[in-house]
Amino acid sequence: MGFARTCSVALVGVEGVVVEVQADLEPGVAAFTLVGLPDKSLTESRDRVRAAVVNSGGEWPQKKLTVGLSPASVPKGGSGFDLAVACAVLGASERIDPRVLADIVMIGELGLDGRVRPVRGVLPAVLAAAEAGYEQVVVPECTAAEAALVPGVSVLGVRSLRQLIAVLTDEPVPEEDLAESGRPDPLMAGLNLPGAGLGTGLSGVGASEHDQRHDLADVVGQLSARTAIEVAAAGGHHTFLQGPPGAGKTMLAERMPSIMPRLSRAESLEVTAVHSVAGMLPPGKPLVDIPPFCAPHHSATMQSLVGGGKGLARPGAVSLAHRGVLFLDEAPEFSGHALDALRQPLESGYVVIARSAGVVRLPSRFLMLLAANPCPCGRFSLTGDSCDCSPNSIRRYQARLSGPLLDRVDLRVDVEPVTRSELTAQGARGESTQVVADRVRAARDRAAARLKGTPWRTNADVPGHELRSRWHAVPGAMAEAERGLERGFLTARGLDRVLRVAWTVADLAGHDRPDAGDVALALQLRTGVPRGVPMVVGARS
């Protein structure tokens, strides 16, 4: 009788559970039994592993073989266990010393010819292995850079099972043929879902420090809207842009990631883990260090927005936009159920999805940008133009965005149509992305210094009771906002959000505390009602 064990990782959402893969050989009729709550794709590994071992020069044991995945109560799926199963079988048959395998975590899919193919979710799997105390990890060669992002872990990238056997047995490591120059590596097919980035609107917007393709200077006019997205980027505030078609709402939204600061190391690992599980890591860039931009189509279902799918839930658009921007263009055209499902992640910063296969918690702390037309035809309230919509249709259209959802939006701005003089003016470009990004970064630094020693990093993260008790505005500055609460114009949540926005305006203006002018601008941005305050950040400093 032979026995060997090694380890792999089962992913539950973006969290990993280390699984011990055990192989036992006993005399009897040759059979291969896989136990431990595997799904269909994992059950099929029996045929893949057998063919890979034989085609790698190994001898398949003609005995009763039982492979157990422990703990058996955790659902396990995917093809990432193939490499661990193959090595456990080879250890039980004494082709590999079982003592060498015991403390190694192995992740990878096997082809029938023995090549090791990449799987999604390598980064969160290696993070789970490191947290469990493992120091050696074997992954496919093309995902070794992603696994190496985890500190304190020794990563071995292999291209084939033959190479791994040679390394574990101290034999000469054979060379494997690489993909021909100019042709895509076939092993990369399992790493990225075809068209997944395009399907969700995920793109490399803001991929450079100041994206030249999406410069704020290209936006004509729109002083109020430009101020709003600057405040939103500086404080992490949710924003609603309403205006006629062609006014520049989408242009402003696409330039939002460019003015946001780059992600910290911890934030980059969080975002990369989500994108790795979803199969959307940019090719050749294992670490996502820029705020992601996700713009799902208005026909997206609730499951595609918040996450779902068969079996254990997979990340949705709110998780793909974690630490970045979720842009919902034509927001009233989205399903009411889908929009209302955003309420919980907007407040908590994560999504909890319960399925029969288990409960998954996915991170979803994002900045939401809503864009909408004033009416179905888009011409309502335009000077010199006629609107074809009836009052009832306008009312129904605007009511598709529920009050509880809009109450969670910090900034509401009317985007006015661009005039002929603004569009044809020579040399009248607005501030560039670099200038605005520098101001945003300085405001973030002021907020970070004030919030040092707390679990919050931006003004939008601070709970209302903490804001009221620890960080006060100038005496009397909140009087107008408090009167709005008494008259019913603001809810208690709305009052807290006005104070959050006022702190962001003060950070941009360089003020130690929000004064009456900062609060007035915050109130104007919150309600969308003009209050005679210049829509220029820092104009009163």
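As a reminder, the structure under discussion sits directly above these lines.
Since the model is a prediction, treat every value here as computed from it, not as a measurement.

Criteria and cut-off values
- Residues numbered from 1 in each chain as written.
- Predicted model: local features only at pLDDT ≥ 70, side-chain atom pairs only at ≥ 80, totals over all residues.
- Heavy atoms only, no water.
- Helix = DSSP H or I, 4+ residues; strand = E, 2+ residues; numbered from the N terminus.
- Buried < 20%, exposed > 50% of the residue type's maximum accessible area, 1.4 Å probe, protein only.
- Contact = heavy atoms within 4.5 Å.
- Areas by Shrake-Rupley, 256 points an atom, 1.4 Å probe, with all protein chains shown as cover.
- Salt bridge = Lys/Arg side-chain N within 4 Å of Asp/Glu carboxyl O.
- Pairing = 2+ DSSP bridges.
- Axes fitted to C-alpha atoms, helices over the stretch in contact; angles between N-to-C directions.
- Phe/Tyr/Trp six-rings, centres within 6.5 Å; stacked < 30°, edge-to-face > 60°.
- Lys NZ or Arg CZ within 6 Å of the ring centre and 35° of its normal.
- Core = buried A, V, L, I, M, F, W, Y, C linked by side-chain atoms within 4.5 Å.
- Polar contact = N/O pair within 3.5 Å; in protein donor to acceptor, adjacent residues only side chain to side chain.

J.: Please explain the overall build of the chain as it appears in this structure.
T.: Across its full length, the chain carries 24 helices and 16 strands. Expressed along its principal axes, the backbone C-alpha trace of the chain runs to roughly 85 × 50 × 45 Å. Considering the chain as a whole, with its 541 residues, one finds that 51% of them fall into the buried category. A separation of at least 24 residues holds for 72% of the contacts in the chain among residues at least 6 apart in sequence. Of the roughly 23,600 Å² of accessible surface on the chain, 52% is carried by carbon and sulfur atoms.

J.: I keep staring at the pattern of salt bridges and nothing clicks. Help me out?
T.: Side-chain pairing between opposite charges can occur once the charged atoms of the two side chains come close. The full count for this structure, using the stated rule, is 30 salt bridges. Arg441 is the partner of Asp438 in a salt bridge, and the nearest nitrogen-oxygen pair spans 3.0 Å. Of this pair, Asp438 and Arg441 are both found in helix H20 (residues 433–450), 3 residues apart, which corresponds to roughly one turn of the helix. Accessibility expressed as a relative area gives 30% for Arg441, which makes it partly exposed. When salt bridges with common partners are traced through the structure, they connect Glu347, Asp407, Arg408, Asp410, Arg493, Arg497 and Arg526 into a single cluster.

J.: When you look at the sheet that holds strand E10 (residues 239–242) in this model, what are you seeing that I'm missing?
T.: What links the strands of a sheet is backbone hydrogen bonding, and the strands pair in either a parallel or an antiparallel sense. With parallel pairing, the 5 strands of this open sheet are ordered in space as E11-E12-E15-E10-E16. Among the strands making up the open sheet, the edge pair consists of strand E11 (293–294) and strand E16 (411–414). Two strands pair when backbone bridges link them, and strand E12 (residues 325–328) and strand E15 (residues 367–372) are joined in this way by 4 bridges, in the parallel orientation. Bridge assignment links Phe327 to a residue of E15, and that residue is Leu369. Its contacts with the sheet place helix H9 (residues 223–235) against E10, E15 and E16, and it is angled at close to 165° to E16.

J.: Would you mind going over the packing of aromatic side chains with me for this structure?
T.: The description of an aromatic ring pair uses the distance of the two centres, along with the angle that the planes make with each other. On inspection of all chains with the given rule, the structure shows 2 aromatic pairs. The cationic tip of Arg361 hangs over the ring face of Tyr350; the distance from NZ or CZ to the ring centre is 3.7 Å.

J.: Can you walk me through the pairing of strand E4 (residues 64–70) in this structure?
T.: Regular strands have side chains that alternate between both faces of the sheet. Two elements, strand E2 (residues 15–26) and E4, share 7 bridges in a ladder whose sense is antiparallel. The residue of E4 that forms the bridge with Leu25 is Leu65. Relative to E4, strand E3 (residues 31–35) runs parallel, the two sharing 5 bridges. By the bridge assignment, Val35 is partnered in E4 with Gly68.

J.: What should I look at first to understand the nonpolar core in this one?
T.: Note on soluble globular proteins: their nonpolar side chains tend to be buried together. One finds Val231, Met256, Ile259, Ala481 and Leu525 to be the most contacted residues of the largest nonpolar core, which totals 55 residues. Per-element accounting of this core gives the leading share, 8 residues, to helix H23 (residues 492–509). Beyond its immediate sequence surroundings of up to four residues, Ala481 is in contact with Leu490, Leu495, Val498, Val519 and Leu523. The next biggest cluster of nonpolar side chains, apart from the first, holds 38 residues, and it includes Leu65, Ala92, Ile104 and Val116.

J.: What's the story with the side chain of Asn459 in this structure? I'm lost.
T.: As for its placement among the helices and strands, Asn459 is situated in the loop between H20 and helix H21 (464–470). Polar contacts involving the side chain of Asn459 include one to the side chain of Thr504, which spans 2.9 Å. Ignoring anything within four residues of it in the chain, the contact list for Asn459 reads Gly235, His237, Ala447, Arg450, Arg500, Trp503, Thr504 and Asp507.

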